[in-house]
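Summary of the model geometry
So the chains spell out like this:
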Amino acid sequence: MKSVSLHDVRKSYGGVDAVKGISFEVAKGEFMGILGPSGCGKSSTLRMIAGLEDITSGELRFDGVVVNELSPKDRGIGMGFENYALYQPLTVRENIAFPLEARGMPRAEMAPRVQKMAKLMEVEDVLDRKPYELSGGQQQRVSLARALVRDPSVLLLDEPLSHMDRHARVRLRARIRHIHDAIGATSIYVTHDQEEAVALCDRVAVMNFGDLQQIGSVEELWHRPRNRFVAGFLGQPAMNFIPSVTVDRHRLRFEVEGQPTIEVRQALPEPGRRVTFGIRPEHVRIGGEDASIPGRVVLVEMEGDVDVITIDVGGIELKTRTGTHWAMASGDQVRLAFPVESRHVFDGEDDAAPALA
Ligand code: ADP
Ligand code: MG
């Protein structure tokens, strides 16, 4: 088990800064996620940790020791990447056995380990095939098996389930977490899928545009997003945002036709300041005594055991999630309530707008 820490780590390709100097520490035995939209620098970050990509500046440390110059094979890592190349001339069995063979493990010891890992990753039946005979999803399973088979002290995974169907993803991610726990690895898992991050990770580092936005437990990110980007990235459907203007220390007005002012817990900056009001779909209540915000139903979508209802409020579309008992139809006039404890305010209107406490 090793800790992994990044100190102002930057990656630039030519003139393009893909990772803009980020710092965080992954504790021994922790399962850390790196979550963010496509192109935000997740893979570049992981590849630097793996040693597959040079670090432009900054320091990478394993257990406090700088490893910037250490070659990948000397880092004690297991890697499974979205498109991590399998050794084409080798069979699946030989691919999975490769890291064990490289360590000089005796054959008799190797065979049952390979068999066991192939079973967990559901590639037992293709052990004697070559990679080109496999589907994308099967190749990923082999790549995962190869990453996990050697009990790595650091496990680095980059979208390792992306080519599999949903059921397989859910099954295999649970097995990855079990293996992590069983071998006591320190794991870093890259994904753009918030559901996967929520299901797997002890903590999550949220990235955007090459920068770390926030790092914390899923609960912290959910309840105390540091800025508008994090607030909007976690949650399905995403948090509703309403452009607003402050009225006084604890009241703001939505910038839409005919809306009353609304009170918030947060201490607001000076009157007349542009802010963003935020409310999660699960917190928007339809009807009830204190429901004072008029709106019109635009769309009702069934999503599992809840309805997602889109409501037009003065030209802005808000989403709500409710039980399916509402029997709402498009065109219905409704009134909405936003419980005071669920109201978020961001100081500004762009992704970087910091949350007000
Ligand atoms: P993510 O994994 O979050 O999708 P990446 O780390 O792959 O993001 O990419 C971050 C940025 O760096 C993107 O703008 C991408 O186009 C660029 N990039 C990635 N790899 C290279 C490379 N080898 N050469 C030039 N630009 C690259
Ligand atoms: Mg990537």
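Thresholds, definitions, all that
- Residues numbered from 1 in each chain as written.
- Chains lettered and ligands numbered in written order.
- Predicted model: local features only at pLDDT ≥ 70, side-chain atom pairs only at ≥ 80, totals over all residues.
- Heavy atoms only, no water.
- Helix = DSSP H or I, 4+ residues; strand = E, 2+ residues; numbered from the N terminus.
- Buried < 20%, exposed > 50% of the residue type's maximum accessible area, 1.4 Å probe, protein only.
- Contact = heavy atoms within 4.5 Å.
- Areas by Shrake-Rupley, 256 points an atom, 1.4 Å probe, with all protein chains shown as cover.
- Lys, Arg positive; Asp, Glu negative; His and termini not counted.
- Charge placed at Lys NZ, Arg CZ, Asp CG, Glu CD.
- Pairing = 2+ DSSP bridges.
- Axes fitted to C-alpha atoms, helices over the stretch in contact; angles between N-to-C directions.
- Near = heavy atom within 4 Å.
- Polar contact = N/O pair within 3.5 Å; in protein donor to acceptor, adjacent residues only side chain to side chain.

Helix and strand counts for the protein come out as eight helices and 20 strands. If you line up the protein on its principal axes, its C-alpha atoms span 75 × 45 × 35 Å. Scored against the burial criterion, the 357 residues of the protein give a buried share of 50%. In the protein, the proportion of contacts linking residues at least 24 apart, taken out of those at least 6 apart, comes to 64%. About 16,300 Å² of surface is accessible on the protein, with carbon and sulfur atoms providing 49% of the total. Averaging the locations of the 44 positively and 51 negatively charged side chains of the protein gives two centres separated by 3 Å.

So, on to the sheet that holds strand β13 (residues 261–263). What the five strands build is an open sheet, ordered β13-β12-β11-β14-β20; its pairing is antiparallel. Each end of this open sheet is capped by a strand with a single partner; those strands are β13 and β20 (344–346). Averaged over all pairs of adjacent strands, the angle between their axes in this sheet comes to 40°, without regard to strand direction. Sheet topology places strand β11 (residues 240–248) next to strand β14 (residues 274–279); six bridges connect them, and they run antiparallel. Bridge assignment links F241 to a residue of β14, and that residue is G278.

Looking at ligand 1, the residues that line it are Y13, A18, P37, S38, G39, C40, G41, K42, S43 and S44. Interatomic distance of 2.6 Å between a backbone N/O atom of G39 and an oxygen atom of ligand 1. Here an oxygen atom of ligand 1 sits 2.6 Å away from a polar atom, N or O, in the side chain of S44. Contact with the protein chains covers 55% of the free accessible surface of ligand 1, which is 560 Å².

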